Amino acid sequence: MAAAAGGSSWAAVCEKFRTARTLSTVESRKDPETEPYRSKYSARALLQEVKQLLSAAEEGDEARLLAVRRAVLEYELGVNHTDTEELSAGEEHLQRCTQLLEPHRLSPDCVSLYIQAQNNLGILWSLRDEIKTAQTYLESAEALYNQYMKEDGNPPLDPSEHFMAEEEKITDQERSKRFEKAYTHTLYYLAQVYQHLEMIEKAAQYCHTTLKRQLEYCGYHPVEWALNAATLSQYYLSKQCFMEARHCLAAASVIFSQAEQVPSAEDNETEQDQQDLRQRKAEIARCWIKYCLNLLQSTRKLLEDNIGELDPDRQLELKAQRKKEEDEKEKGRKKAVLFGTSDICDSVLAMEEKVSSVYPLDFQEAREIFLVGQNYVLEAKEFFQVDGYVTDHIEIVQDHSALFKVLAFFEEDYERRCKMHKRRLDMLESIYVDLNPQYYLLISRQLQFELADTYYEMMDLKIAIGNRLEELDSHTIKKINSLAQLAIKYYELFLDSLRNPDRVFPEQLEEDVLRPAMVAKFHIARLYGKLITSDSKKQLENMQTSLEYYTFLVDYCEKYPDAVRAVETELELSKEMVGLIPTRMERLRAKLCPFI
């Protein structure tokens, strides 16, 4: 073999190796469903032949060179067996590859192959759900890359070059690109491993670095990249890093538009491809909705007083603080998160300018964010229609309702607030009436509770409007009572959904419904107290019903003390009302006494 290395037989070996690679990476995509691994098996046979030829070779002065070539073959066979779901054989070949390379793993002719073998061992152990073992291999690959770049840093040989003639060897630029791509894969797999291990912050950091490197080295699929960036935005949202979240979403939208501009290569796949593209676009739109909603809701938490209204002093304080801080903060943080080359950056920055990333501190600023969110609601609903995507469609409508709810917080005019809540009722009731609770119990409960809460909120607003009048007119009274009764109706529907098949209410509530159920009971108690009637007997009945609901809450918390944490405020008020209502009822009865 040593003699053949420079002759025609070596050229034949290289050709065989190249053919095996082509079968694995190109031809295998065309394999029929009945024989999904046909090309992989053919490639394996060729690799085994090359391995036999190398085994017969005399080592002599070329011992090191032969060891590396054998390692390349073990690597290719390891990947081949992993691809055909033969994990034990795959592991054996990959381990042999690393053993052969171990003494020289930091050499320019070995380092890239060693890292790729470690990557594939990481993948293999992930497939076995042995995530900790996968982590060990991938972190080892990461450490080796960093050590090599620190100690040498020159573009190392690509594994394929060990089966090429000298004149076929690739350029340093291409070597560097391939080496960096292998390392990007290391980071990509590590991001997934950390996600599995619930090391969320580290997973996000690695995901961000991976996305940046993929753009830098042009090694990405636009749709996959955009979805990963949009998903990363949701992590930043959870940390209330709105500038970073917006940057990820803007980059996702810009990169996704590249996929929309590229027509499908095969006409017979076009319709399905277009369908997939529409779905992915709608998924990114949903991430934008969450961005707008989270930004508005976080601002509300900052601005609201202890009764849930906008605090003007806090508003002025935050406006002064924002003017002072925002510029420096944005400049410093932006350097760390920017994606892409200058032309991509320009497009991303243009996209970012369409929506703010700072807390909106008045109605006009909030409305601008609301309108962006609402546009994405319409875009998402184009794909996620109720016919075929019931759950997704309803979740989008719920987000739309939540956008109106939080915008209403910024609105000072009570009548306009009522109109916003009326929009919520219209959209929620239209989907609730067609929903079968037998199949969609959880969603049905969510809608019942939200409808009840919205009617409840509107009733409070109508009372506040009425309190500004010298005297309540019959129209306002009728409206308040109607809203209160509708709120009671939906709270009761929610509570009824908790009953067993014999219509018996549970003695002890499950943890996930404890607070909603107790709040529903508390609100019904308050609603009966708000009903306006000139009929004293009816008034007494309403007070008695109100007392029963307040008493339920107090008694339940005495029986199950663990429940107290979930409803501390409501419990305190309920105890107070349980003490007050009987006295009020006695007074009313005393007035009625001559007539009873």
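Residues numbered from 1 in each chain as written. Predicted model: local features only at pLDDT ≥ 70, side-chain atom pairs only at ≥ 80, totals over all residues. Heavy atoms only, no water.

**A word on the packing of helix H5 (residues 111-127) against helix H6 (residues 131-151)**
- Running from N to C, H5 and H6 cross one another at 165°; their axes reach a closest spacing of 7 Å. By the angle class used here, H5 and H6 are roughly antiparallel. Crossing of H5 over H6 shows left-handed handedness. Residues Val111, Tyr114, Ile115, Gln118, Asn119, Leu121, Gly122, Trp125 and Ser126 of H5 form the contact with H6, whose own contacting residues are Ile131, Thr133, Ala134, Tyr137, Leu138, Ser140, Ala141, Leu144, Tyr145 and Tyr148.
- Class assignment of the residues belonging to the contact of H5 with H6 gives a composition of 13 nonpolar, 6 polar and no charged. (Axes fitted to C-alpha atoms, helices over the stretch in contact; angles between N-to-C directions. Helix = DSSP H or I, 4+ residues; strand = E, 2+ residues; numbered from the N terminus. Parallel < 35°, antiparallel > 145°, perpendicular 65-115°, else oblique. Left-handed = near helix turned anticlockwise from the far one by under 90°. Contact = heavy atoms within 4.5 Å. Nonpolar A, V, L, I, M, F, W, Y, C, P; charged D, E, K, R; others polar.)

**A word on the packing of helix H15 (residues 390-410) against helix H16 (residues 414-432)**
- Where H15 contacts H16, the axes come no closer than 9 Å and their chain directions differ by 170°. It follows from the interaxial angle that H15 and H16 lie roughly antiparallel. Side by side, H15 and H16 meet where His393, Ile394, Val397, Gln398, His400, Ser401, Phe404, Lys405, Leu407, Ala408 and Phe409 of the first sit next to Arg417, Met420, His421, Arg423, Arg424, Met427, Leu428 and Ile431 of the second.
- Class assignment for the residues of the contact of H15 with H16 results in 10 nonpolar, 5 polar and 4 charged.

**Topic: the confidence of the model for the protein chain**
- Looking at the protein chain as a whole, the pLDDT averages 90, with 93% of positions reaching at least 70.
- When pLDDT is averaged over each element of the protein chain, helix H14 (residues 363-383) comes out on top at 97 and helix H12 (residues 312-337) at the bottom at 72.
- For the stretch residues 1-6, pLDDT sits under 50, and the model shows 12 contacts to residues farther than four places along the chain or on other chains. (pLDDT = per-residue confidence, 0-100.)

**Re the packing of aromatic side chains**
- Taken as a whole and judged by the stated rule, the model has 29 aromatic pairs.
- With 5.9 Å between their ring centres and 70° between their planes, Phe522 and Tyr550 make a pair best called edge-to-face. Of this pair, Phe522 sits in helix H19 (residues 511-530) while Tyr550 sits in helix H20 (residues 536-559); the two residues are 28 residues apart in sequence, bridging distant segments of the chain.
- For Tyr550, a relative accessible area of 4% translates into the label buried. (Phe/Tyr/Trp six-rings, centres within 6.5 Å; stacked < 30°, edge-to-face > 60°. Buried < 20%, exposed > 50% of the residue type's maximum accessible area, 1.4 Å probe, protein only.)

**Remarks on the pattern of salt bridges**
- Per the stated rule, a full pass over the model turns up 41 salt bridges.
- Residue Asp109 pairs with Arg64 through a salt bridge whose shortest N-O separation is 2.7 Å. Of this pair, Asp109 sits in the loop between helix H4 (87-101) and H5 while Arg64 is found in helix H3 (residues 63-83), placing the two residues 45 residues apart along the sequence.
- Judged by relative accessible area, which is 33%, Arg64 ranks as partly exposed.
- Arg96 is the partner of Glu74 in a salt bridge, and the nearest nitrogen-oxygen pair spans 3.3 Å. You can see Glu74 sitting in helix H3 and its partner Arg96 sitting in helix H4, a full 22 residues away along the chain. (Salt bridge = Lys/Arg side-chain N within 4 Å of Asp/Glu carboxyl O.)

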